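Residues per chain are reported as follows:
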Amino acid sequence: MLGAALVAVALAYLGLFLVIPLVAVLAQAFQNGVAAYLAAVREPMALAALRLTLVTAALAVPLNLVFGVAAAWAVAKFEFRGKTALVTLIDLPFAVSPVIAGLVFILLFGRQGTLGPWLAAHGFQVVFAVPGLVLATVFVTLPFVARELIPVMQAMGTEEEEAARLLGAGGWTTLFRVTLPGAKWGLLFGVILSNARAMGEFGAVSVVSGHIRGQTNTLPLHVEILYNEYEFQSAFAVASLLTVLALVTLVARALVEWRSEERGIAPGPRP
Amino acid sequence: MTRRHRVLPGFGLSLGFTLLYASLIVVVPLSVLVLRSAASGPGLFWAAVTAPRVVASYRLTFGASLLAALINGVFGIVVAWVLVRHRFPARRLVDALVDLPFALPTAVAGITLTTLYAETGWLGRPLAQAGIKVAFTPLGVVTALTFIGLPFVVRTVQPVLQGLDPEVEEAAASLGASRGQTFRRVVLPALLPAWITGVTLAFARALGEYGSVVFIAGNMPMRTEIAPLLVVTKLEQYDYGGASAIAVVMLAASFLLLLAVNRLQAWTARATSS
């Protein structure tokens, strides 16, 4: 009896906060039919926003992938003083408001910024342009790969790498042939998570974007513009693309987790 | 430990690159923020962060974040309990769905919750008939923050609950404890460190949240304006000093919470290993 009541409470809570919003996105997106949906998604400004979102993620995710591998190698394979402080530093972007993540780059590169006048004199524009979007995205997604890789690489220990070294493998060969294949699920999941966040980021990107249509407008910013112009159906149609991205991320997380459960490796902590 | 240094290469390179990259992306930009707000002098800084509109935004941000974190504290423990201890259809699907607020872009969450809770929305209409307004009120802010904080308590409590040996509870029951007593005296103390960690994480996340809140809040100064939005407003007015001052206070709160979470996680690890 009590058990059934608890299950009912839990499902009602999740239904209210998760299922109803998911259904609502789709219902709003298709409220005027499939043709209207397709028109909204294929509209030139929406396509431009999609392209910019893809470009931003394609630049930010590889940068943080390299960083994540380097950070995990240092943290998981070696002991050194200040390691806890370094891990806290890597986590810091999780704790900082996305708005602040955007603000700092305005203060650095904006017209009244520390480096802004110098950059303007040399013809570079960082904020209200694509480089600013990429920087802000790199900032907010910095911890993801490192966060997923560190526990997996710690759990692997160092014996396999040491054996590879003794058999004559070089450092890079050891990394690419032994460490990364062993940590591939953690690596893959870190990339999936940072990609989802990179494509969906709103606050940080909103501050540095300047909202120039067709130029510095990513998909989430395009959703905001459509919504504020009372183009609700179009806003939800574009939002449904981002919702599908989120659902794919959840499925990938579940698959990776079941894989690692089967192989007896504890999944990394969640962000 | 020294042996490892000799056998595995790349310590200097990986650590050096990590420090350089993290400094360029995180440390230098955040330092510029702190220096910028310090440059305006203590008088201006104090005036900026104690202006009535700013104080009202802090009160709303901290209050709504705390309330949302506590709501998730209560329901999160129920959800974690049900996912670990009960078998029901589609349990794995429900388990995977819990992470939705992590994965769903905040702007999508924002417009969806606003549409649902507006007076014409699926949930807003019946609530309005009952005399409860959610969208464009502080309650709307709490609703959005509850949504984005939902996974934290579940995901911190769940593994601890999984590791909890049911034999201990059976022993308590066989010694004559009722189900309520067993839960209060045996299960809850074991979950406490993880629960506090989860609530703190949800609170920290809510403090900085922007995208899901700005749509549903209505953004009326003094009433439904959150602190991150005020930072954006000041920036749009080219008041860099004011924006920086508000942001530095938020940053300090986030940093303290991050340190607290690190301590709490160490406590949780100790509590679960013993």
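Residues numbered from 1 in each chain as written. Chains lettered and ligands numbered in written order. Predicted model: local features only at pLDDT ≥ 70, side-chain atom pairs only at ≥ 80, totals over all residues. Heavy atoms only, no water.

**Describing a nonpolar patch on the surface**
Residue and element names in this part refer to chain A. Taken together, the side chains of Leu 26, Phe 30, Val 34 and Leu 38 present a nonpolar region at the surface, about 340 Å² in accessible area. Looking at the secondary structure, you find Leu 38 in helix 2 (residues 33–42). Residue classification places Leu 38 among the partly exposed residues on the basis of a relative accessible area of 35%. (Patch = residues over 30% accessible without salt bridge, like charges linked within 9 Å, V, L, I, M, F, W, Y side chains within 5 Å. Areas by Shrake-Rupley, 256 points an atom, 1.4 Å probe, with all protein chains shown as cover. Salt bridge = Lys/Arg side-chain N within 4 Å of Asp/Glu carboxyl O. Helix = DSSP H or I, 4+ residues; strand = E, 2+ residues; numbered from the N terminus. Buried < 20%, exposed > 50% of the residue type's maximum accessible area, 1.4 Å probe, protein only.)

**Some words on the pattern of salt bridges**
Residue and element names in this part refer to chain B. Applying the stated rule across the entire model yields 12 salt bridges over all chains. In this structure, Glu 225 and Arg 53 form a salt bridge, with 2.8 Å as the shortest nitrogen-oxygen distance. One end of the pair, Glu 225, is in the loop between helix 12 (211–217) and helix 13 (227–236); the other, Arg 53, is in helix 4 (residues 52–85), with 172 residues separating them in the sequence. Overall, the relative accessible area of 31% leaves Arg 53 in the partly exposed class.

**So, the layout of surface pockets**
Taking a probe equal in size to a water molecule and rolling it over the atoms shows the remaining empty space. Estimates place the volume of the second largest pocket at around 470 Å³. If you trace the second largest pocket, you find 19 residues lining it, with A:Leu2, B:Trp81, B:Glu169, B:Arg179 and B:Phe183 closest to the centre. Looking at the lining of the second largest pocket, the elements that each hand over two or more residues are helix 1 (2–29) of chain A together with helix 4, helix 10 (166–174) and helix 11 (179–208) of chain B. In terms of residue count, helix 11 of chain B provides more of the lining of the second largest pocket than any other element does, five residues in total. In terms of residue class, the lining of the second largest pocket is built from 10 nonpolar, five polar and four charged. (1 Å grid on protein atoms, 1.4 Å probe; cavity = no way out; pocket = protein on both sides within 12 Å on 5 of 7 lines; lining within 4 Å. Points joined across faces, edges and corners; volume = space filled by probe spheres on them. Nonpolar A, V, L, I, M, F, W, Y, C, P; charged D, E, K, R; others polar.)

**Some details on the packing of aromatic side chains**
Evaluated as defined, the whole model comprises 21 aromatic pairs over all chains. Centre to centre, the rings of A:Phe105 and A:Phe139 are 6.1 Å apart; their planes meet at 85 degrees, and the pair counts as edge-to-face. Here A:Phe105, found in helix 5 (residues 98–109), pairs with A:Phe139, found in helix 7 (residues 130–141); they are 34 residues apart in sequence, far enough to count as distant. Classification of A:Phe139 as buried rests on a relative accessible area of 0%. Ring geometry for A:Tyr230 and A:Phe232: centres 5.9 Å apart, planes at 85 degrees, overall edge-to-face. Members of the aromatic cluster, joined through ring pairs, are A:Phe202, A:Tyr227, A:Tyr230, A:Phe232, B:Tyr210 and B:Phe215. (Phe/Tyr/Trp six-rings, centres within 6.5 Å; stacked < 30°, edge-to-face > 60°.)

**A look at the interface of chain A and chain B**
Counting residues at the interface gives 89 residues for chain A, matched by 86 residues for chain B. Buried area between chain A and chain B, summed over both chains or domains, comes out near 8000 Å², and the portion from carbon and sulfur atoms is 80%. It is A:Tyr13, A:Phe17 and A:Phe78 in chain A that bury the most area against chain B; as a group they hold 8% of the surface buried on that side. At the junction of chain A with chain B, the criterion picks out one salt bridge. (Contact = heavy atoms within 4.5 Å. Buried area = accessible area lost by both parts, 1.4 Å probe.)

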